[in-house]
Amino acid sequence: MEEKISRLGVMGGTFNPIHYGHLVTAEEALSQFKLDKVMFMPAGVPPHKSDPEILLPEERYLLTVIATASNPDFVVSRLEIERKGPSYTIDTLAQLQQIFGPDTTVFFITGADAVWEILTWKNAEELVELTEFIAATRPGYSLEKFKKLHVLPEGEGREPGRPRVSIMEIPALAISSTDIRRRVREDQPIRYLVPEGVASYIKKSGFWKD
Ligand code: ATP
Ligand code: MG
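Reference entry: report on the structure contained in this document. Per-chain numbering applies: the sequence of each chain, read as written, is numbered from 1 onward. Just so you know, chain letters begin at A and ligand numbers begin at 1, following the order they were written in. The model is predicted, so local features are restricted to residues of pLDDT at least 70 and side-chain atom pairs to those at 80 or more, both for listing and for counting; the totals for chains, interfaces and linings are taken over all residues. Excluded from the side-chain calculations are hydrogens and water; all other atoms, namely the structure's heavy atoms, are used.

Examining the overall build of the chain
Link 1 in the chain: Working definition: helices are DSSP H or I runs of at least four residues, strands are E runs of at least two. Numbering for both runs from the N terminus. Helix and strand counts for the chain stand at nine helices and six strands.
Link 2 in the chain: A total of 210 residues make up the chain; the buried ones form 45% of that total.
Link 3 in the chain: For the chain, restricting intrachain contacts to residue pairs at least 6 apart in sequence, the fraction spanning at least 24 positions comes to 75%.
Link 4 in the chain: Residue burial considers only the protein chains on display, and all accessible areas are found by Shrake-Rupley using a 1.4 Å probe. Within the structure as shown, the chain displays about 11,100 Å² of accessible surface, and the carbon and sulfur contribution to it stands at 52%. Partly exposed describes any residue whose relative accessible area lies between the buried limit of under 20% and the exposed limit of over 50%, with all areas from a 1.4 Å probe on protein chains only and scaled to the type maximum. Working rule for contacts: check all heavy atoms of both residues, and any pair within 4.5 Å makes them a contact.

What about the site of ligand 1?
Link 1 in the chain: Lining the immediate surroundings of ligand 1 are 23 residues, of which Gly 111, Asp 113, Leu 173, Ser 177 and Thr 178 lie closest.
Link 2 in the chain: Measuring from a nitrogen atom of ligand 1, one finds a backbone N or O atom of Ile 175 at 3.0 Å.
Link 3 in the chain: In protein, a polar contact requires one atom able to donate a hydrogen and another able to accept it; more generally it is a pair of N or O atoms within 3.5 Å, and residues adjacent in sequence count only if both atoms are side-chain atoms. In this structure, an oxygen atom belonging to ligand 1 sits 2.8 Å away from a main-chain N or O atom of Ser 177.
Link 4 in the chain: Of all the elements in the fold, those that place two or more residues in the shell around ligand 1 are strand 1 (7-13), helix 1 (20-32), strand 4 (105-111), helix 5 (112-118) and helix 8 (177-185).
Link 5 in the chain: For this classification, the nonpolar set comprises Ala, Val, Leu, Ile, Met, Phe, Trp, Tyr, Cys and Pro, the charged set comprises Asp, Glu, Lys and Arg, and every other residue, Gly included, is treated as polar. When the residues that make up the shell around ligand 1 are grouped by side-chain class, the tally is six nonpolar, 13 polar and four charged. Throughout this document, a residue counts as near a molecule or strand when at least one of its heavy atoms sits within 4 Å of that molecule or strand.

Observations regarding the side chain of Thr 104
Link 1 in the chain: Assignment of secondary structure puts Thr 104 in the loop between helix 4 (89-100) and strand 4.
Link 2 in the chain: Other than its neighbours up to four places away in sequence, Thr 104 contacts Ile 5, Ser 6, Leu 8 and Gln 97.

Here's the deal with the nonpolar core
Link 1 in the chain: Among buried residues, those of type Ala, Val, Leu, Ile, Met, Phe, Trp, Tyr and Cys that are joined through side-chain atoms within 4.5 Å constitute a nonpolar core. Counting 35 residues, the largest nonpolar core has Ile 18, Leu 35, Val 38, Phe 40 and Ile 202 as the members making the most contacts within it.
Link 2 in the chain: Contributing elements (two or more residues each) for this core: helix 1, strand 2 (37-42), helix 2 (57-68), strand 3 (74-76), strand 4, strand 5 (132-136), helix 8 and helix 9 (196-205).
Link 3 in the chain: With four residues, helix 1 is the single largest residue contributor to this core.
Link 4 in the chain: Once you skip the residues sitting within four places of it in the chain, Ile 18 turns out to touch Leu 23, Phe 40, Leu 63, Thr 64, Ala 67, Val 194 and Val 198.

Here's the deal with the pairing of strand 5
The two faces of the sheet receive side chains in turn, since in a regular strand these alternate between them.
Link 1 in the chain: In terms of residue burial, strand 5 counts as a mostly covered element, since five of its five residues are buried.
Link 2 in the chain: What you see with strand 5 is no split at all: Glu 132, Ile 134 and Ala 136 on one side and Phe 133 and Ala 135 on the other are buried throughout.
Link 3 in the chain: Paired strands are those between which DSSP finds at least two bridges. Alignment of strand 4 against strand 5, held across five bridges, turns out to be parallel. Directly across from Gly 111, in strand 5, lies its bridge partner Ala 136.
Link 4 in the chain: Sheet analysis places strand 5 next to strand 6 (residues 165-168), joined by four bridges and oriented parallel.

Observations regarding the sheet that holds strand 1
Link 1 in the chain: The sheet built from six strands is open, its strands ordered 3-2-1-4-5-6 with parallel pairing. Where the open sheet ends on each side, the last strands, each with one partner, are strand 3 and strand 6. In this sheet, neighbouring strand axes are inclined to one another by 30 degrees on average, regardless of whether the strands run parallel or antiparallel.
Link 2 in the chain: Alignment of strand 2 against strand 3, held across three bridges, turns out to be parallel. Inter-axis angles, ranging from 0 to 180 degrees, are taken between N-to-C directions of lines fitted to C-alpha atoms, where helices are fitted over the stretch in contact.

Topic: the layout of surface pockets
Link 1 in the chain: Only protein atoms enter the 1 Å grid used here, on which a cavity is any set of points holding a 1.4 Å probe that cannot leave and a pocket is any open set flanked by protein within 12 Å on both sides along at least five of seven lines; residues with an atom within 4 Å of a point are listed as lining. Grid points are joined across faces, edges and corners, and a volume is the space filled by probe spheres set on the points. Volume-wise, the second largest pocket comes out at about 350 Å³.
Link 2 in the chain: Around the second largest pocket, the lining is made up of 15 residues, and of these Val 184, Gln 188, Ile 190, Ala 199 and Lys 203 lie nearest the centre.
Link 3 in the chain: Those elements that place two or more of their residues in the lining of the second largest pocket are helix 8 and helix 9.
Link 4 in the chain: For the lining of the second largest pocket, the element with the highest residue contribution is helix 9, accounting for five residues.

Purely geometric numbers; function is a separate question.
Quick look at the structure:
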């Protein structure tokens, strides 16, 4: 990326496969938080998941590229899929800080379910110093506990070591990759849940069929 990026969104995930829930979340973050770009970051070897249903990193990367191709503000990074060993967000954020420099603020975009796990991630304390979090509402997950715990308005009196979490309301989409995979297995439609190109590529590759 050539142009100057002062506010960078990073959307991490397994993307197994990417779906409209991810895309709507990223687009809303872009607009509500005035980000310059959103970088999708497919995980290499997901440290918290080990499941035969998980496609190869290269396949998940390809689907993510297909899904984001028409949006000039979305980019897909190969950082995690090219790194050896499990993907730790702390390493990714440190690497991004090195690449972009101190004038870029990184916003880590997650769904309500995932932000809660962050507190148990490796090096959670360092992590919160490297990034701000944008937590999107997701059907079935309550954001109430965040309201009580750590959410402070941006820039206001946050204690060191506490996550900076902003809550983002998005049009709710009860879509999950788990459900998409189930639908593919059971020959149910995934049209309108994932971009057309993603559905075609899944079909042509026979993913989750045997
Ligand atoms: P799986 O069912 O396999 O866990 P997933 O749909 O949760 O897949 P992930 O790749 O695990 O997708 O999610 C990446 C990020 O996107 C996470 O932060 C997750 O919370 C968020 N996310 C996923 N689906 C939605 C959705 N429908 N609305 C809002 N956020 C979402
Ligand atoms: Mg998930």
